[in-house]
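As a plain string of letters, each chain reads:
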Amino acid sequence: KTAYEIASCLVGSEMCIRDSFMGVIYMVTGMPLVAAERAAFYREQSSSMYRPLPYAMAYVLVEIPYLVVYSFIFCGVLFGIVDMYGGYEKFLWYAAIYMGYVSFMCFFGQFLVVALPDEASAQAIGPSVSSRLRSSAARPAARRADAKKP
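The following paragraphs examine the structure supplied in this document. (Residues numbered from 1 in each chain as written. Predicted model: local features only at pLDDT ≥ 70, side-chain atom pairs only at ≥ 80, totals over all residues. Heavy atoms only, no water.)

**Some remarks on the overall build of the protein**
Scanning the protein for helices and strands turns up five helices and zero strands. Listed N to C, the secondary structure of the protein is α-α-α-α-α in terms of helices and strands. Burial status across the protein gives 29% buried among its 150 residues. Counted over contacts in the protein with a minimum sequence separation of 6, partners at least 24 positions apart contribute 71%. Carbon and sulfur atoms provide 71% of the accessible area of the protein, an area that totals close to 10,000 Å². (Helix = DSSP H or I, 4+ residues; strand = E, 2+ residues; numbered from the N terminus. Buried < 20%, exposed > 50% of the residue type's maximum accessible area, 1.4 Å probe, protein only. Contact = heavy atoms within 4.5 Å. Areas by Shrake-Rupley, 256 points an atom, 1.4 Å probe, with all protein chains shown as cover.)

Quick look at the structure:
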């Protein structure tokens, strides 16, 4: 293989590692905020002040501007550093996919804090579930690559 072919493979694997790491960072940094509001939510729910669905929708709506702005900043800096100038279409596609992934990870972390008994268990289970999903996602690609070999 030429150096150019090897370099493109390395950039792809480096992007996968970096994006999965950033997803875990987004997930773990949002967990303490949700855990801090848990007592207030239970108090307000017991007094019939809020219903659970509007409360959850407020958490989602508050996170969206943060996720959009930081995703575009991250992708803009990344495209400049890695020299991935392939046009604005590639930038927008990458930013949209990245934003979708980190949004999923952020909301998954919030879900774990709500669904599990305490923040410590969510902090332990969240990254391990993310790692398991990432490793199981690589298996179909490896099988396709093995099937193409003569």
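**Some details on the environment of Arg51**
Residue position: Arg51 is located in the loop between α2 (38–46) and α3 (52–82). Arg51 gets classed as exposed once you look at its relative accessible area, which sits at 63%. In this structure, the C-alpha to C-alpha distance between Arg51 and Phe41, residues 10 residues apart in sequence, is 9.4 Å.

**Observations concerning the packing of α3 against helix α4 (residues 88–115)**
For the pair α3 and α4, interaxial distance at closest approach is 9 Å and the crossing angle is 140°. Viewed along their axes, α3 and α4 adopt a mutual orientation that is oblique. By crossing handedness, the relation of α3 to α4 is classed as right-handed. Within the contact between the two elements, α3 uses Tyr59, Val60, Glu63, Leu67, Val68, Ser71, Phe72, Phe74, Cys75, Gly76, Leu78 and Phe79 and α4 uses Lys90, Phe91, Leu92, Tyr94, Ala95, Tyr98, Met99, Val102, Ser103, Cys106, Phe107 and Gln110. Of the residues contributing to the contact of α3 with α4, the split by class is 18 nonpolar, four polar and two charged. (Axes fitted to C-alpha atoms, helices over the stretch in contact; angles between N-to-C directions. Parallel < 35°, antiparallel > 145°, perpendicular 65-115°, else oblique. Left-handed = near helix turned anticlockwise from the far one by under 90°. Nonpolar A, V, L, I, M, F, W, Y, C, P; charged D, E, K, R; others polar.)

**Thoughts on the layout of surface pockets**
A volume near 340 Å³ is recorded for the largest pocket. Lining the largest pocket we find 14 residues, and of these Val34, Tyr55, Ala56, Tyr59 and Val114 sit closest to its centre. At the level of elements, α2, α3 and α4 are the ones that each hand at least two residues to the lining of the largest pocket. With five residues, the top contributor of residues to the lining of the largest pocket is α3. When grouped by side-chain class, the residues that make up the lining of the largest pocket number 11 nonpolar, one polar and two charged. (1 Å grid on protein atoms, 1.4 Å probe; cavity = no way out; pocket = protein on both sides within 12 Å on 5 of 7 lines; lining within 4 Å. Points joined across faces, edges and corners; volume = space filled by probe spheres on them.)

**So, a nonpolar patch on the surface**
Taken together, the side chains of Tyr66, Val69, Tyr70, Ile73, Val77 and Ile81 make up a nonpolar region of the molecular surface, amounting to roughly 590 Å² of accessible area. Tracing the backbone through its elements, the reader meets Val69 in helix α3. The partly exposed category is assigned to Val69, whose relative accessible area is 45%. (Patch = residues over 30% accessible without salt bridge, like charges linked within 9 Å, V, L, I, M, F, W, Y side chains within 5 Å. Salt bridge = Lys/Arg side-chain N within 4 Å of Asp/Glu carboxyl O.)

**Concerning the side chain of Ser130**
Residue placement: Ser130 occurs in helix α5 (residues 119–148). Here Ser130 is in contact with Val24, Met27, Tyr101 and Met105, once residues within four sequence places are set aside.

**As for the nonpolar core**
Membership of the largest hydrophobic core comes to 13 residues, with the highest contact counts inside it found for Tyr26, Phe74, Cys75, Tyr94 and Tyr98. Mapped by element, the contributors of at least two residues to this core are α1 (3–36), α3 and α4. In contact with Phe74, not counting residues within four places along its chain, are Arg18, Asp19, Met22, Tyr94 and Tyr98. In terms of nonpolar packing, the next biggest core, distinct from the first, is built from nine residues, Met31, Phe108, Leu112 and Val113 among them. (Core = buried A, V, L, I, M, F, W, Y, C linked by side-chain atoms within 4.5 Å.)

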